[in-house]
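Chain by chain, the residues run as shown.
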Amino acid sequence: MSFFSEPKNAGLAFIIIGVITVIGGIITVVLGAMNYEFEAGDNVYKFALGTAVAAIGTIIYGCMQFGYGKKVRDGTVSAKIDILAAFVKLVGVGTIVTGIFSAIGTVMNGDEIGTGIVSAIISIVIGLIIIWIGTKINDGKQTLGDKIIWVILLIAFILCVIAAVLEIITIIGIITGICELIIYVFMLILLFDPEVKSEMGI
């Protein structure tokens, strides 16, 4: 378990995922700008300009993942409670960024403007709630809310570990699956760390 509990390994996993995310986003932007389409069996897949715009959000989030991973790996963020809180905040900001660009992209691809606005608002609200949760984690207070957040994170991380294992099994996403497995097992270990449990009143 020492491998999974080492912040440097989790940081490296985040860096790798960030790089893969950015590369995938750039490829999507290029294909979208070209209006590229291809057939796979009976299905036709088309990359439109809106798809390229949506991918910009993916690129930004990938850069954020890379930055977070670097800070964890080099010890810039070292306190366990801060690593956990920063991760949750990262997810929240990422939800907002990718949600907004995705909404713009779908409108550009032909969806109703109203649908895009609602989609963006939902992403912003969910993202802000997640950011608030991240802020609560290391605010120095131990409340009932912290205990509820701890349980929610426990369930979420367990589900993410299962998803990562399934991704590895499919072979197609084996690299990201392995990285995600390292990350979420690390996050689970953080939750059960005495320092984190004490900070969250568990």
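Here the structure is shown first, and the text comes after it.
Residues numbered from 1 in each chain as written. Predicted model: local features only at pLDDT ≥ 70, side-chain atom pairs only at ≥ 80, totals over all residues. Heavy atoms only, no water.

Visitor: How should the side chain of Asp-193 be read in this particular structure?
Guide: If you trace the backbone, Asp-193 turns up in the loop between helix H6 (174–191) and helix H7 (194–199). Using a relative accessible area of 14% as the deciding quantity, one classes Asp-193 as buried. Within the structure, the side chain of Asp-193 is placed 2.9 Å from the backbone nitrogen of Glu-195, a separation counted as a polar contact. (Helix = DSSP H or I, 4+ residues; strand = E, 2+ residues; numbered from the N terminus. Buried < 20%, exposed > 50% of the residue type's maximum accessible area, 1.4 Å probe, protein only. Polar contact = N/O pair within 3.5 Å; in protein donor to acceptor, adjacent residues only side chain to side chain.)

Visitor: How should the nonpolar core be read in this particular structure?
Guide: Most often, soluble globular proteins keep nonpolar side chains buried together rather than apart. If you look at the biggest cluster of nonpolar residues, it comprises 38 residues, and the most contacted ones within it are Leu-84, Ile-137, Phe-157 and Met-187. At the level of secondary structure, the elements contributing two or more residues to this core comprise helix H1 (7–33), helix H2 (49–74), helix H3 (80–108), helix H4 (113–137), helix H5 (144–169) and H6. In terms of residue count, the dominant contributor to this core is H6 (11 residues). Those residues within four positions of Ile-137 in sequence are excluded, and the remaining contacts are Ile-81, Leu-84, Ala-85, Val-88, Asp-146, Ile-149, Leu-153 and Met-200. (Core = buried A, V, L, I, M, F, W, Y, C linked by side-chain atoms within 4.5 Å. Contact = heavy atoms within 4.5 Å.)

Visitor: I keep staring at the packing of H3 against H6 and nothing clicks. Help me out?
Guide: Packed helices, taken two at a time, are described by the angle between their axes plus the distance between the axes. The contact between H3 and H6 brings their axes to 10 Å, and the two run at 130°. The orientation of H3 with respect to H6, classified from their angle, is oblique. The way H3 lies across H6 gives a crossing that is left-handed. Along its contact with H3, which presents Lys-80, Ile-83, Leu-84 and Phe-87, the element H6 presents Tyr-184, Phe-186, Met-187, Leu-190 and Leu-191. Class assignment for the residues of the contact of H3 with H6 results in eight nonpolar, no polar and one charged. (Axes fitted to C-alpha atoms, helices over the stretch in contact; angles between N-to-C directions. Parallel < 35°, antiparallel > 145°, perpendicular 65-115°, else oblique. Left-handed = near helix turned anticlockwise from the far one by under 90°. Nonpolar A, V, L, I, M, F, W, Y, C, P; charged D, E, K, R; others polar.)

Visitor: It is not clear to me how a nonpolar patch on the surface should be interpreted in this structure. Could you clarify?
Guide: A contiguous nonpolar surface patch, about 710 Å² in accessible area, is contributed by Val-151, Ile-155, Ile-158, Leu-159, Ile-162, Val-165, Leu-166 and Ile-169. Looking at the element boundaries, Leu-159 is found in helix H5. (Patch = residues over 30% accessible without salt bridge, like charges linked within 9 Å, V, L, I, M, F, W, Y side chains within 5 Å. Areas by Shrake-Rupley, 256 points an atom, 1.4 Å probe, with all protein chains shown as cover. Salt bridge = Lys/Arg side-chain N within 4 Å of Asp/Glu carboxyl O.)

Visitor: Sorry if this is basic, but what is going on with the packing of aromatic side chains here?
Guide: Two measures describe an aromatic ring pair: the distance that separates the ring centres and the angle between the ring planes. If you walk through the whole model with that rule in mind, you get seven aromatic pairs. A centroid spacing of 6.0 Å and a plane angle of 40° characterise the contact between Phe-157 and Tyr-184, whose relative ring orientation is tilted. With Phe-157 in helix H5 and Tyr-184 in helix H6, this residue pair connects regions lying 27 residues apart in the sequence. A relative accessible area of 4% means that Phe-157 is categorised as buried. Residue classification places Tyr-184 among the buried positions, given a relative accessible area of 17%. Three or more aromatic residues joined by ring pairs make a cluster, and in this case those are Phe-14, Tyr-68, Phe-87, Phe-157 and Tyr-184. (Phe/Tyr/Trp six-rings, centres within 6.5 Å; stacked < 30°, edge-to-face > 60°.)

Visitor: Whenever I open this one, the pattern of salt bridges confuses me. Can you help?
Guide: Opposite charge on two side chains allows them to pair when their charged atoms are near. The full count for this structure, using the stated rule, is three salt bridges. In this structure, the salt-bridge partner of Asp-74 is Lys-70, at a minimum N-O distance of 3.6 Å. Of this pair, Asp-74 and Lys-70 both sit in helix H2, four residues apart, which is roughly one turn of that helix. Residue Asp-74 is classed as partly exposed on the basis of its relative accessible area of 45%. For Lys-70, a relative accessible area of 46% translates into the label partly exposed. As a salt-bridge pair, Asp-139 and Lys-136 come within 3.8 Å of each other at their nearest N and O atoms. Residue classification places Asp-139 among the partly exposed residues on the basis of a relative accessible area of 30%. In this structure Lys-136 comes out as buried when scored by relative accessible area, which is 16%.

Visitor: What's the story with the packing of H1 against H6 in this structure? I'm lost.
Guide: Across the interface, H1 lies against H6 with an axial gap of 9 Å and an inter-helix angle of 140°. Regarding the angle of H1 to H6, the classification is oblique. At the point where H1 passes H6, the crossing takes the left-handed sense. Counting all contacts with H1, which are made through Pro-7, Asn-9, Ala-10, Ala-13, Phe-14, Ile-16, Ile-17 and Ile-20, the residues of H6 involved are Ile-175, Thr-176, Cys-179, Glu-180, Ile-182, Ile-183, Phe-186 and Met-187.

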